[in-house]
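Single-letter residue listing:
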Amino acid sequence: KDRSADSTELTDLADKALLTSIAAYDEIEKKTGVKEIGGVEAQLKRAEIAMKTQKTEEAAKIVEPLVLLVAENKPEGIAKFAVDILVTALEAAIANGSLDKAEQIVDVVLKSDANSPGGGEQVTSVLVRLGRRFQEQIKAYEDAGKNSEAKDTRTEFERFLGKIASRGSQNFTSLRYI
């Protein structure tokens with residue numbers, strides 16, 4: 001049996017399971033008025049799977065409301081997933097060529113980092129993880145002989161970094177880590 005067919009089947013099963021979980025958490029929220037962190041985690045996993053399967057527009061749609069939750073610092077426990085949410089959101093925005101959206105997400109990173117203890121750690125974590133994800137994606141494209149996709153990915157990431165670095169109010173010393 002074809003391995004890619006097995007992978008697609010597993011991805012579809014995981015997506016269905018996550019959708020069932022999200023629906024259950026939505027029901028709890030309707031009844032209690034409280035957003036549960038488990039539903040947020042399930043949505044994040046769906047977005048990460050969408051990114052891994054090159055469904056970048058779908059990933060962006062899934063993760064966008066999660067970025068708003070990070071910005072609001074709600075529900076309780078969101079900080080545990082904040083870096084993963086922000087990295088996935090940035091990765092999706094950049095992959096889709098939505099650099100303005102990526103800049104908005106960077107603003108959320110800066111705001112949430114200013115509100116967290118450890119000043120600057122979250123910005124560095126987000127940028128370092130984002131750099132690693134793009135490095136892995138580019139390498140995977142190159143290993144698969146998809147040099148055009150590797151070049152396009154590298155170009156979009158460089159455009160993003162250039163746009164962020166050129167912000168007048170920017171103090172991103174952590175850009176050097178990427």
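Residues numbered from 1 in each chain as written. Predicted model: local features only at pLDDT ≥ 70, side-chain atom pairs only at ≥ 80, totals over all residues. Heavy atoms only, no water.

Q: I would appreciate a short explanation of the packing of aromatic side chains in the present structure.
A: Working definition: an aromatic ring pair is given by the centre-to-centre distance plus the angle between the planes. Applying the stated criterion across every chain yields a total of two aromatic pairs. Judged by centre distance (4.6 Å) and plane angle (15°), the rings of Phe 134 and Phe 157 are stacked. Of this pair, Phe 134 sits in helix H6 (residues 121-143) while Phe 157 is found in helix H7 (residues 147-165), placing the two residues 23 residues apart along the sequence. Judged by its relative accessible area of 2%, Phe 134 falls in the buried class. (Phe/Tyr/Trp six-rings, centres within 6.5 Å; stacked < 30°, edge-to-face > 60°. Helix = DSSP H or I, 4+ residues; strand = E, 2+ residues; numbered from the N terminus. Buried < 20%, exposed > 50% of the residue type's maximum accessible area, 1.4 Å probe, protein only.)

Q: Please explain the side chain of Arg 46 as it appears in this structure.
A: Within the secondary structure layout, Arg 46 lies in helix H2 (residues 37-52). For Arg 46, a relative accessible area of 14% corresponds to the buried category. Ignoring sequence-local partners within four residues, the contact set of Arg 46 consists of Asp 15, Leu 18, Leu 19, Ile 22, Glu 58 and Ile 62. (Contact = heavy atoms within 4.5 Å.)

Q: Looking at this structure, I do not really get the pattern of salt bridges. What am I missing?
A: Close approach of charged atoms allows side chains of opposite charge to pair. Taken as a whole and assessed by the stated rule, the structure comprises twelve salt bridges. Ionic pairing is found between Glu 29 and Lys 35, a salt bridge with its closest N-O pair at 3.4 Å. Glu 64 serves as the salt-bridge partner of Lys 101, at 3.2 Å between the closest nitrogen and oxygen. One end of the pair, Lys 101, is in helix H5 (residues 99-114); the other, Glu 64, is in helix H3 (residues 56-72), with 37 residues separating them in the sequence. Judged by its relative accessible area of 39%, Glu 64 is partly exposed. Connected via shared salt-bridge partners are Lys 45, Glu 48, Glu 91 and Arg 133. (Salt bridge = Lys/Arg side-chain N within 4 Å of Asp/Glu carboxyl O.)

Q: Looking at this model, I keep getting lost on the packing of H2 against helix H4 (residues 79-95). Mind explaining?
A: Packed helices, taken two at a time, are described by the angle their axes make and the gap between the axes. Where H2 meets H4, the closest approach of the two axes is 10 Å, and the angle between their N-to-C directions is 35°. Once H2 is placed against H4, the crossing between them reads as left-handed. Of the residues in H4, those touching H2 at Ile 37, Val 40, Glu 41, Leu 44, Ala 47, Glu 48 and Met 51 are Phe 81, Asp 84, Ile 85, Thr 88, Glu 91, Ala 92 and Ala 95. Its residues assigned to classes, the contact of H2 with H4 comprises nine nonpolar, one polar and four charged. (Axes fitted to C-alpha atoms, helices over the stretch in contact; angles between N-to-C directions. Left-handed = near helix turned anticlockwise from the far one by under 90°. Nonpolar A, V, L, I, M, F, W, Y, C, P; charged D, E, K, R; others polar.)

Q: Would you take a moment to explain the nonpolar core for this structure?
A: Nonpolar side chains in soluble globular proteins tend to end up buried together. Grouped together as the largest cluster of nonpolar side chains are 34 residues, with contacts concentrated most on Ile 85, Leu 86, Leu 90, Ile 94, Leu 130 and Phe 160. Of all the secondary-structure elements, those providing two or more residues to this core are H2, H3, H4, H5, H6 and H7. With ten residues, the top contributor of residues to this core is H4. (Core = buried A, V, L, I, M, F, W, Y, C linked by side-chain atoms within 4.5 Å.)

Q: Got a minute to help me understand H7 in this structure?
A: The periodicity of an α-helix, 3.6 residues per turn, causes residues three or four positions apart to be oriented the same way. The end-to-end C-alpha distance of H7, which contains 19 residues, comes to 27 Å, matching closely the 27 Å that a straight helix rising 1.5 Å per residue would cover. Of all the positions in H7, only Ala 150, Thr 153, Glu 156, Phe 157, Phe 160 and Ile 164 are classed as buried. Buried residues of H7, viewed axially, fall in a sector of 135°; they line one side. Facing away from the buried side of H7, by more than 90 degrees, are the exposed residues Asn 147 and Lys 151. (Expected span 1.5 Å × (residues − 1). Arc of directions from axis to C-beta.)

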